[in-house]
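Structure at a glance
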Amino acid sequence: MAVSPRTPGPTLPAHPDPELDRILRGGLPHELAYAFGGPFHLLLPDRFDANAAAFRAALAEAGVDGLVHYAKKANKAAAWIERCAATGTGVDVAAAGELREALGHGVRGEHIVVTGPAKADDLLRVAVLQGCLIAVDALDELDRVIALARATRPARLLLRRLPPAQPHSRFGLDDAELGTALARCEEARDAVRMEGFSFHLSGYAVQPRAELAGDLVDLCLKARAAGLPADRISIGGGFAVDYAAAGDWERFLREQDPGDYHAGKSFTTSDFYPYHSPVAGADALRAILATRPRGGTATLAARLKDAGITLLLEPGRALLDRAGCTVFTVRGVKERDGYGILTVDGTSLSLSEQWFNSEYLPDPVLLTAGDRPAGPPFRACVGGATCLESDLLTWRKVVHPTRPHPGDLLVYPNTAGYQMDSNESPFHDLPLPPKVVLDTAGGRTRWRLDRHPAT
Ligand SMILES: *Cc1c(COP(=O)(O)O)cnc(C)c1O
């Protein structure tokens, strides 16, 4: 069937955000697009604070002692780390640069967990000197930590468990390795403080997290019997973000087919992020804490309390929910094969989902430059300002409320978690999109750059 730009197609509106809408429709984005002459990101640190507070509230309601760590890889901005330092929120880092950033913005070493495989010596050295908690991923890494600790000061560590339900994971220690690691910690005596165990699961399911957390509680009790402190566990990240309403997401999955994408591109729907999650963010933590792990009648919360164990969390995406968006300017509009092709002033490297055989699906929102009578809807995919056929921000022929014009803005909603900068590149010598922080204290919205270019 021939489509025309007027044919309606599948849509996936993000959850409404009236407060941000007011800011977006007040003219600031057009001013900033003029100032920067290219795409940019908007950051909302107040939202980050609220998300972190919601996780803390879930811990408090369950009476569980815990500490939230922001998984820094989800977004490189300084704004989040500044908020972590100010609010006593911890940070999860996996590279020396991330650790320097966290320490440099004032996050205390004791509030930092260091994760990631085969950690570099320079990372481990700073981590030990600053009293960070090191999640040890392998036996050879443990040997390096112990050697370093003997030469400097005692190292705080967790042993990362290979999830039995994800046996092909390349991370963590299996049962035999855990036994060896515990023996080496006992031998190392005062050089290390073995504080407990950790895991990070892929996926967003509640039950497997509660089960594995229950196992880690048992491991702590055994380690204590051997004289090790073992008073905390980390259950990693993977708290889902709910981007869109259930009905919209179900309808989208039902209706979309390759004809809805530029060049007939087809995506495997199971590769899409689950853009609707009935239980997301801090509610996912509530659900995990209320789950009764197999082989007992107590909830995970009760088991943690009974055993006197502190629960560490490492949410990345969930702390950034609704805390940012990305703004591109439309440069050109053409029509081809019955649909439109928009070209914007940035690249799909500023919207990471494309790099995982997938697409960022929440609908971009059109902000027209000046008032124009609303026209009929117009379907168009969104291409980047590069010479690559594959550089599409959105392969889907998005239903725009009217025909976009050059100079209009396209706002991708809720991009702070992983979309903004994990794959950004100055390809074609294009500048990286600046990050603009919106401070909304005292009912007044002011903007500033996330960091000065030299820092
Ligand atoms: C990536 C990662 C996280 C954060 O995951 P989210 O899905 O963003 O919550 C936490 N811990 C570890 C070890 C990670 O690798």
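Before reading on, note that the structure itself is shown above.
So, here is what we can say about the structure in this document. (Residues numbered from 1 in each chain as written. Predicted model: local features only at pLDDT ≥ 70, side-chain atom pairs only at ≥ 80, totals over all residues. Heavy atoms only, no water.)

**Comments concerning the pattern of salt bridges**
- A full pass over the atoms with the stated rule returns 28 salt bridges.
- In this structure, E101 engages R451 in a salt bridge whose closest nitrogen and oxygen atoms are separated by 3.2 Å. Of this pair, E101 sits in helix α5 (residues 96–104) while R451 sits in the segment after β17 (446–449), and the two are 350 residues apart along the sequence.
- Overall, the relative accessible area of 21% leaves E101 in the partly exposed class.
- Overall, the relative accessible area of 26% leaves R451 in the partly exposed class.
- In the salt-bridge network here, residues are joined through shared partners; they are R156, R193, E195, D231 and R232. (Salt bridge = Lys/Arg side-chain N within 4 Å of Asp/Glu carboxyl O. Helix = DSSP H or I, 4+ residues; strand = E, 2+ residues; numbered from the N terminus. Buried < 20%, exposed > 50% of the residue type's maximum accessible area, 1.4 Å probe, protein only.)

**Quick look at the site of the ligand**
- Near the ligand there are 13 residues, and of these K73, G238, E314, R317 and Y418 occur at the shortest range.
- The separation between a nitrogen atom of the ligand and a polar side-chain atom of H200 is 3.5 Å.
- In the environment of the ligand, a nitrogen atom lies 2.7 Å from a nitrogen or oxygen atom belonging to the side chain of E314.
- Contact with the protein chains covers 88% of the free accessible surface of the ligand, which is 390 Å².
- Spatially, the ligand is embedded in the largest pocket.
- The residue inventory of the shell around the ligand, partitioned by class, reads 3 nonpolar, 5 polar and 5 charged. (Near = heavy atom within 4 Å. Polar contact = N/O pair within 3.5 Å; in protein donor to acceptor, adjacent residues only side chain to side chain. Areas by Shrake-Rupley, 256 points an atom, 1.4 Å probe, with all protein chains shown as cover. 1 Å grid on protein atoms, 1.4 Å probe; cavity = no way out; pocket = protein on both sides within 12 Å on 5 of 7 lines; lining within 4 Å. Sits in = over half its atoms within 2 Å of the grid points. Nonpolar A, V, L, I, M, F, W, Y, C, P; charged D, E, K, R; others polar.)

**Some words on the packing of aromatic side chains**
- Under the definition given, this model contains 17 aromatic pairs.
- Ring geometry for F55 versus F239: centroids 5.2 Å apart, planes at 75 degrees, classification edge-to-face. Taken as a pair, F55 in helix α3 (residues 45–61) and F239 in the loop between β8 (232–234) and α10 (246–255) lie far apart in primary sequence, 184 residues in all.
- Assessed through its relative accessible area of 3%, F239 is described here as buried. (Phe/Tyr/Trp six-rings, centres within 6.5 Å; stacked < 30°, edge-to-face > 60°.)

**Focus on the pairing of strand β15 (residues 409–412)**
- Of the two faces of β15, both are covered, the one formed by L409 and V411 as well as the one formed by L410 and Y412.
- With 4 bridges joining them, strand β10 (residues 324–336) and β15 adopt antiparallel strand pairing. Note on β15: the bridge partner recorded for T326 is Y412.
- Across 3 bridges, the pairing between strand β12 (residues 365–367) and β15 is antiparallel. Across the sheet, the residue bridging to L367 is L409, located in β15. (Pairing = 2+ DSSP bridges.)

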